[in-house]
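What follows is each chain in one-letter form.
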Amino acid sequence: MKGDTPARYGGEPVRSETIGYGRQSITDHEKAAVISALEGDYITRGPTVTEFEDKVAKRIGVDHAIATTSGTSALHLAGQAAGFSPGEEILTTPLTFVSTALTAVYTGATPVFADIDPHSRTLDPEAVRRQLTASSAGLVPMHYAGHPADIEGLLSLADEHDLTVIWDACHAFGGSWRDEPLGAQRDAAVFSFHPVKNITTGEGGMVVTNDGGFASRVRRLRSFDIEYEPDRHVDKPWYQVADGIGYNYNITDFQAALGLAQLERLEEFKRQRDKIIDRYDEAFGEIDGLRTPPTPVDSEPMYHLYVLEVSDEFGCSRKEFVHAMHAENIGVQVHYVPLHYHPLFQKKYDYSPGEFPVTERVYRKIVSLPLFPGMDVDDVRDVVRAVKRVNRYFSD
Ligand SMILES: Cc1ncc(COP(=O)(O)O)c(C=O)c1O
């Protein structure tokens, strides 16, 4: 049937405009909030940032939330506040974005990868156990696509070996595990508010923790590591003290205004994401060679990504599938090229392909389909049509 020929092999694309895998949803509500912040006294970090931090802390159920310029800078500060240092080894997953491992790298500590569980695609506690040495000091698990890592297993390992845990929860804002928000688990967690994430501030991130000392260290490092009100302040009101190497990772009040307005829409965003996921699950569940995302146990994730696994029975390789979907103007993506494939980790830490077989097997199959709140029924229909059309072409 010519009309059903995929665009890559001579047909017309299912749509003329490319749809990406993720995108922000900004309404007049958010625009008004940003304008109102811009008309206020502060356009750098001011009271709206504090309000955003307080609201996030309350929502996650933690005592402290510190907003930063990005998820990456939040991970940097969290690693430093945890005291990760040269000679120490920090265990993490290879199936993640580079920033997860930078939590160790920035501090001079060594990132040590451990293989993943193929079902959840998150760190496998038993694989972590095999990588432990006397130098192991920390653990940075990532809630892949929003699916919780094995929180119980990893925390009990951390207890046994006295590891500080920093959860990379950049994908997971709005989700919960055993009725507890993801991010509330010790010792600290980090969120990203990049435009494709579950809520956005443009660029932005947040560290959350119940540890007061850890929180004040993050706060200080965020702002130049300067003590703005040292004891001498009474005597010399202008006096400030810099006694360490800090950063300017301050987020602005107008970004926080956007974040506050997005927070109000979190349930709406989750409903919209869940609806698209249900539609995809229904459409793809019966197709040979496609594995839909796993159903999580004891948790209610807010999925950031919809990750399919494409295997041989589908009829074509994952690579061919990606090209075919792009030709249909469906901007699928692969999350992620495993970290041990990157020159950074090969040159600096001597990693090489072949070391993490489960991660590599999963990597060869995964592909993220578009998933974001602004997708309408036509967008979802186009994605479904494109997948089915490619499948039929290779099945006939
Ligand atoms: C798992 C993970 N960690 C960290 C980050 C870094 O977040 P940001 O882009 O806000 O720096 C990302 C962002 O894409 C991510 O996906």
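Higher on the page you've got the structure.
Just so it is clear, the model here is predicted, and its values are computed rather than measured.

Focus: the pattern of salt bridges
All chains considered together, the criterion is met by 29 salt bridges. Two residues, R265 and E268, come together in a salt bridge whose shortest N-O distance is 2.9 Å. On the accessibility criterion, R265 (8% relative accessible area) is buried. For E268, a relative accessible area of 26% corresponds to the partly exposed category. Salt-bridge contacts for R381 lead to D382; the nearest nitrogen and oxygen are separated by 3.2 Å. R381 sits in the partly exposed class, given a relative accessible area of 41%. Judged by relative accessible area, which is 5%, D382 ranks as buried.

Quick word on the site of the ligand
Around the ligand sit 16 residues, and of these G71, T72, D168, S192 and K197 come closest. With respect to the ligand, the side chain of S192 contributes an N or O atom lying 2.7 Å from an oxygen atom. Coverage of the ligand by the protein chains reaches 91% of its 390 Å² of free accessible surface. The cavity where the ligand resides is the largest pocket. Residue assignment for the shell around the ligand shows that the elements contributing at least two residues are α3 (71-81) and α4 (98-105).

What to know about the layout of surface pockets
Empty space within the largest pocket amounts to approximately 440 Å³. Lining of the largest pocket is provided by 28 residues; of these, F97, S99, H171, K197 and Y336 occupy positions nearest its centre. Among the secondary structure elements, those contributing two or more residues to the lining of the largest pocket are α3 and α4. When grouped by side-chain class, the residues that make up the lining of the largest pocket number eleven nonpolar, 14 polar and three charged. Each of domain 1 (2-6 + 266-395) and domain 2 (28-263) gives at least three residues to the lining of the largest pocket.

Some words on unusual backbone geometry
That bond from R186 to D187 is cis: its omega, 5°, falls within 30 degrees of zero. Tracing the sequence through the fold places D187 in the loop between β7 (180-181) and β8 (188-192). Look at the link from H335 to Y336: it is a cis peptide, with omega at 15°. Along the chain, Y336 turns up in the loop between α10 (318-327) and α11 (343-349).

Overview of the packing of aromatic side chains
This model, assessed by the stated rule, comprises 17 aromatic pairs. Between the aromatic rings of Y280 and Y306, the centroid separation amounts to 4.9 Å while the plane-to-plane angle is 65°, which identifies the pairing as edge-to-face. In this pair, Y280 sits in helix α9 (residues 266-284) while Y306 sits in strand β14 (residues 306-310), placing the two residues 26 residues apart along the sequence. For the pair formed by Y280 and Y306, the shared burial category is buried.

Quick notes on the packing of α3 against α4
One way to put it is that α3 packs onto α4 with a least axis distance of 8 Å and a crossing angle of 30°. The angle between α3 and α4 falls in the class roughly parallel. Judged by the sense of rotation from one axis to the other, the crossing of α3 with α4 is right-handed. Contacts between α3 and α4 pair T72, L75 and G79 from the former with S99, T100, L102 and T103 from the latter. Grouping the amino acids of the contact of α3 with α4 by side-chain chemistry returns two nonpolar, five polar and no charged.

Rules and cut-offs
Residues numbered from 1 in each chain as written. Predicted model: local features only at pLDDT ≥ 70, side-chain atom pairs only at ≥ 80, totals over all residues. Heavy atoms only, no water. Salt bridge = Lys/Arg side-chain N within 4 Å of Asp/Glu carboxyl O. Buried < 20%, exposed > 50% of the residue type's maximum accessible area, 1.4 Å probe, protein only. Near = heavy atom within 4 Å. Polar contact = N/O pair within 3.5 Å; in protein donor to acceptor, adjacent residues only side chain to side chain. Areas by Shrake-Rupley, 256 points an atom, 1.4 Å probe, with all protein chains shown as cover. 1 Å grid on protein atoms, 1.4 Å probe; cavity = no way out; pocket = protein on both sides within 12 Å on 5 of 7 lines; lining within 4 Å. Sits in = over half its atoms within 2 Å of the grid points. Helix = DSSP H or I, 4+ residues; strand = E, 2+ residues; numbered from the N terminus. Points joined across faces, edges and corners; volume = space filled by probe spheres on them. Nonpolar A, V, L, I, M, F, W, Y, C, P; charged D, E, K, R; others polar. Domains from an automatic or database assignment. Phe/Tyr/Trp six-rings, centres within 6.5 Å; stacked < 30°, edge-to-face > 60°. Axes fitted to C-alpha atoms, helices over the stretch in contact; angles between N-to-C directions. Parallel < 35°, antiparallel > 145°, perpendicular 65-115°, else oblique. Left-handed = near helix turned anticlockwise from the far one by under 90°. Contact = heavy atoms within 4.5 Å.

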